[in-house]
Amino acid sequence: MNYFSSDFKLGILGGGQLGKMLLYETRKFDIHTLVLDPSPEAPCSIACNEFQLGDLMDYDTVYNFGLQVDVLTIEIENVNVDALEALEKQGKKVYPSSATLKKIQNKAKQKLFYRDHNIPTADFSRFAYADELLSAVKNESIAFPFVWKSAMFGYDGQGVKVIRTYSDLEGLPSGECITEKMIPFKNELAVIVSRDVHGNVKTYPVVEMEFHPQANQVEYVICPARIEESVAKKAQLIALKVSQAFQHVGLLAVEMFQTQNDEILVNEVAPRPHNSGHYSIEASYTNQFEQHLRAILGLPLGETRSKLAGIMVNLVGDENYKGAVIYKNIEKIMAMEGVTPHIYGKRETRPFRKMGHVTIVNEDIAKARTIAEQVKNSIRVISDNKITG
C-alpha cells in the first residue's frame, strides 16, 4: 500500500501532545490523518488533516470514526475497546489491537497478566471495591505502607497514591483497585520496545527516570541510564519478554524498578509513544514517534541507537498558578547549549499539568544532567492568575 501523498488515511484516537508529536512525523511523510478528541482545543486540532470532536469512550463515536480510516492507532489507552474489536471484525487494522488494550487498560488485569506469564512484578492484591481494601487493612491482611492504584483511568500520576496511615485512605475512589508492596528500589527505569506487524522487534536504550515527589510525574528522563551494563541488559531482556507476551504492534513502553539487589520488576506498560521516549526526538537516529508509524504501517524499523546523550525535562504547571499560560524565562533556556523546548499547545495552565518538555543533548551525560538542572531551575510555567487561599 502506498501511504505517502496518497488516499491512505491514518486515524488517531486522542488529540493530546503525544498525538501532536506523532503528527510531526505524518506531516514529514505526507500521510493523511484524522484525529478524534473530545476537546475542541486539543493540541492535535491544528496539525491533522481532519479533526473530529467526540467521546473516546463512546462506542458509536469510536466505531464510526474507525470506519473512515485505513489504519487506526491511539495516543491514549482510555478508549472504547469494544468498538475497536468490532472494527477489527470488519477488517479494519487497529494497532495496538483491542485484545492488547483490554489487558493493559485495567491495572488489575495487567498485573494478573504478568503473574500468568512469569514476568517479575511487585506483589499485589486486587479489590473490587475500596470498602474491601478498608476491611483488609482493618483485619491487618495488608500492612502500611503500600501503594494504592485505581484499576482504571489512571493517567499522568492520577489514580496512584502511597498509603502510609489510615488518614491516607480517606477520599479514595470507591471502584476497583489494586495495592502493591512498596519496593525499596535504586532506580526507576524504562525500555521502549518497537514491534511491527511482521513481528520484528527493536528496543531503545534503557532510560532512568526521576519523579516529582508530590505530583508523581516524571521530572527527568536520562538516556542512557546511569546503571551497570549487566543491569541494562537484564532490563532490555525483560522488556522483550513483556513485548512477546502482549504481542503488541507499535510501541510498548515498559516501566520497571531496579531493586537494591539489582533485580528488575515490571511496574506497568503503555502501548503507545511515551514520556520516557521524548528525548529521542533530538537524541536518537529514529525518534519514537516515527518508529511507531513505521511499526504500525509495516515499514522497516529505524535505528534506535542514540546520537548523543539525551535528557528530557518535563514542563508542568506551577502549583501556585492557574490560567492563560506564560513560559517565564524560556528565552534564557533557549540560549543554553543543546537545549530544545517543545510546547504542547495547551493555552491554560494549572498545577502540575503537562504543558511541554525540554530536551538537552550533549556528548557528556554528566554535562547534560547539569544543564538539565539549570533548565529546571530557570523556566517556570505560570500565568497572571495566582491561586490564593
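No experiment lies behind these values; they were computed from the predicted model shown.

Rules used throughout
- Residues numbered from 1 in each chain as written.
- Predicted model: local features only at pLDDT ≥ 70, side-chain atom pairs only at ≥ 80, totals over all residues.
- Heavy atoms only, no water.
- 1 Å grid on protein atoms, 1.4 Å probe; cavity = no way out; pocket = protein on both sides within 12 Å on 5 of 7 lines; lining within 4 Å.
- Points joined across faces, edges and corners; volume = space filled by probe spheres on them.
- Helix = DSSP H or I, 4+ residues; strand = E, 2+ residues; numbered from the N terminus.
- Nonpolar A, V, L, I, M, F, W, Y, C, P; charged D, E, K, R; others polar.
- Core = buried A, V, L, I, M, F, W, Y, C linked by side-chain atoms within 4.5 Å.
- Buried < 20%, exposed > 50% of the residue type's maximum accessible area, 1.4 Å probe, protein only.
- Contact = heavy atoms within 4.5 Å.
- Pairing = 2+ DSSP bridges.
- Axes fitted to C-alpha atoms, helices over the stretch in contact; angles between N-to-C directions.
- Left-handed = near helix turned anticlockwise from the far one by under 90°.
- Patch = residues over 30% accessible without salt bridge, like charges linked within 9 Å, V, L, I, M, F, W, Y side chains within 5 Å.
- Areas by Shrake-Rupley, 256 points an atom, 1.4 Å probe, with all protein chains shown as cover.
- Salt bridge = Lys/Arg side-chain N within 4 Å of Asp/Glu carboxyl O.
- Polar contact = N/O pair within 3.5 Å; in protein donor to acceptor, adjacent residues only side chain to side chain.
- Parallel < 35°, antiparallel > 145°, perpendicular 65-115°, else oblique.
- Phe/Tyr/Trp six-rings, centres within 6.5 Å; stacked < 30°, edge-to-face > 60°.
- Lys NZ or Arg CZ within 6 Å of the ring centre and 35° of its normal.

Undergrad: For this particular structure, what's the right way to read the layout of surface pockets?
TA: Vacant regions in the atomic arrangement are exposed by a probe of water-molecule size rolled over the atoms. One number sums up the size of the second largest pocket: a volume of about 250 Å³. For the lining of the second largest pocket, the elements supplying multiple residues, two or more each, are strand E16 (309-316) and strand E22 (380-382). No other element matches E16, which puts four residues into the lining of the second largest pocket. A breakdown of the residues in the lining of the second largest pocket according to their chemical character gives six nonpolar, three polar and five charged.

Undergrad: I would appreciate a short explanation of empty space enclosed by the protein in the present structure.
TA: Under the defined criterion, the tally for this structure stands at two cavities of 30 Å³ or more. Computed from the structure, the second largest cavity encloses a volume of approximately 30 Å³. Lining the second largest cavity, in full, are Lys107, Gln110, Lys111, Tyr114, Lys149, Ile178, Glu180, Asn267 and Glu268. Residue assignment for the lining of the second largest cavity shows that the elements contributing at least two residues are helix H5 (107-116), strand E9 (177-181) and strand E15 (264-270). With four residues, the single largest contributor to the lining of the second largest cavity is H5.

Undergrad: Mind showing me how you'd approach the nonpolar core here?
TA: Most often, soluble globular proteins keep nonpolar side chains buried together rather than apart. Counting 24 residues, the largest nonpolar core has Val206, Val242, Phe246, Val254, Met256, Val266 and Val269 as the members making the most contacts within it. Looking at this core, the elements with two or more residues in it are H5, strand E10 (185-195), helix H7 (229-246), strand E14 (250-259) and E15. The biggest single contributor to this core is H7, with eight residues. Sequence-distant contacts of valine 254, that is, excluding residues within four places in its chain, are made with Leu189, Ala190, Val191, Ala239, Val242, Val266, Glu268 and Val269. Phe8, Leu18, Leu23 and Tyr95 belong to the second-largest nonpolar core, a separate cluster that totals 21 residues.

Undergrad: What is the right way to read the sheet that holds strand E6 (residues 124-127) from this model?
TA: For sheets, the rule is that strands pair by backbone hydrogen bonds, running either parallel or antiparallel. An order of E6-E9-E7-E8 is seen for the four strands of this open sheet, with the pairing classed as antiparallel. Every other strand in the sheet has two partners, leaving E6 and strand E8 (160-163) as the edge strands with one partner each. Taking the axes of each pair of neighbouring strands and ignoring which way they run, one obtains an average angle of 20 degrees across the sheet. Pairing of strand E7 (residues 146-150) with E9, which is carried by five bridges, proceeds in the antiparallel orientation. Of the residues in E9, the one forming a bridge with phenylalanine 146 is lysine 181. Across the face of the sheet, H5 comes into contact with E6, E7 and E9 while running at roughly 140 degrees to E6.

Undergrad: I would appreciate a short explanation of the packing of helix H2 (residues 59-66) against helix H3 (residues 81-89) in the present structure.
TA: The relative placement of two packed helices comes down to the angle between their axes together with the axis-to-axis distance. For the pair H2 and H3, interaxial distance at closest approach is 8 Å and the crossing angle is 35 degrees. Once H2 is placed against H3, the crossing between them reads as right-handed. Where H2 abuts H3, its residues Tyr59, Val62, Tyr63 and Gly66 lie against Asp82, Ala83, Leu84, Ala86 and Leu87. In the contact of H2 with H3, the residues fall into seven nonpolar, one polar and one charged.

Undergrad: Sorry, what's going on with a nonpolar patch on the surface here?
TA: On the surface, Val201, Leu237 and Leu240 cluster together into a nonpolar patch covering about 240 Å² of accessible area. Mapped onto the elements of the fold, valine 201 is located in strand E11 (residues 201-203).

Undergrad: How should the side chain of glutamate 208 be read in this particular structure?
TA: Structurally, glutamate 208 can be placed in strand E12 (residues 207-211). In this structure glutamate 208 comes out as buried when scored by relative accessible area, which is 6%. Among the polar contacts made by the side chain of glutamate 208, one reaches the side chain of arginine 226 at a distance of 2.8 Å.

Undergrad: Is there a simple way to think about the packing of H3 against helix H4 (residues 98-105) in this case?
TA: Two numbers describe how H3 lies on H4: the axes approach to 9 Å, and their chain directions differ by 165 degrees. In terms of their interaxial angle, H3 and H4 are classed as roughly antiparallel. In the crossing of H3 with H4, the sense of the turn from one axis to the other is left-handed. From H3, Val81, Asp82, Leu84, Glu85 and Glu88 reach across to H4, where they touch Ser98, Leu101, Lys102 and Gln105. A breakdown of the residues in the contact of H3 with H4 according to their chemical character gives three nonpolar, two polar and four charged.

Undergrad: Can you walk me through the packing of aromatic side chains in this structure?
TA: What the rule picks out here adds up to nine aromatic pairs. With a centroid separation of 6.0 Å and 10 degrees between ring planes, the pair formed by tyrosine 59 and tyrosine 63 is classed as stacked. In this pair, tyrosine 59 and tyrosine 63 are both assigned in helix H2, four residues apart and thus about one turn of the helix distant. Taking 6.0 Å as the distance between ring centres and 5 degrees as the angle between the ring planes, the aromatic pair formed by phenylalanine 144 and phenylalanine 146 counts as stacked. Relative accessible area serves as the criterion here: at 29%, phenylalanine 144 is assigned to the partly exposed category. Residue phenylalanine 146 is classed as buried on the basis of its relative accessible area, which comes to 3%. Aromatic rings pair up to connect Tyr3, Phe4, Phe8 and Phe29 into one cluster. Its end group placed over the ring of tyrosine 220, arginine 369 keeps NZ or CZ at 4.1 Å from the ring centre.

Undergrad: What exactly am I supposed to notice about the sheet that holds strand E5 (residues 93-94) here?
TA: Ordered in space as E3-E2-E1-E4-E5, the five strands form an open sheet in which the pairing is parallel. Unpaired on one side and paired on the other, strand E3 (50-53) and E5 mark the two borders of the sheet. Taken together, the four bridges between strand E2 (residues 32-37) and E3 define a ladder with parallel strand orientation. Looking at the pairing, leucine 36 lines up with glutamine 52 of E3. Packed on one face of the sheet, helix H9 (residues 288-297) meets strand E1 (9-13) and strand E4 (71-74) and runs near 140 degrees to E4.

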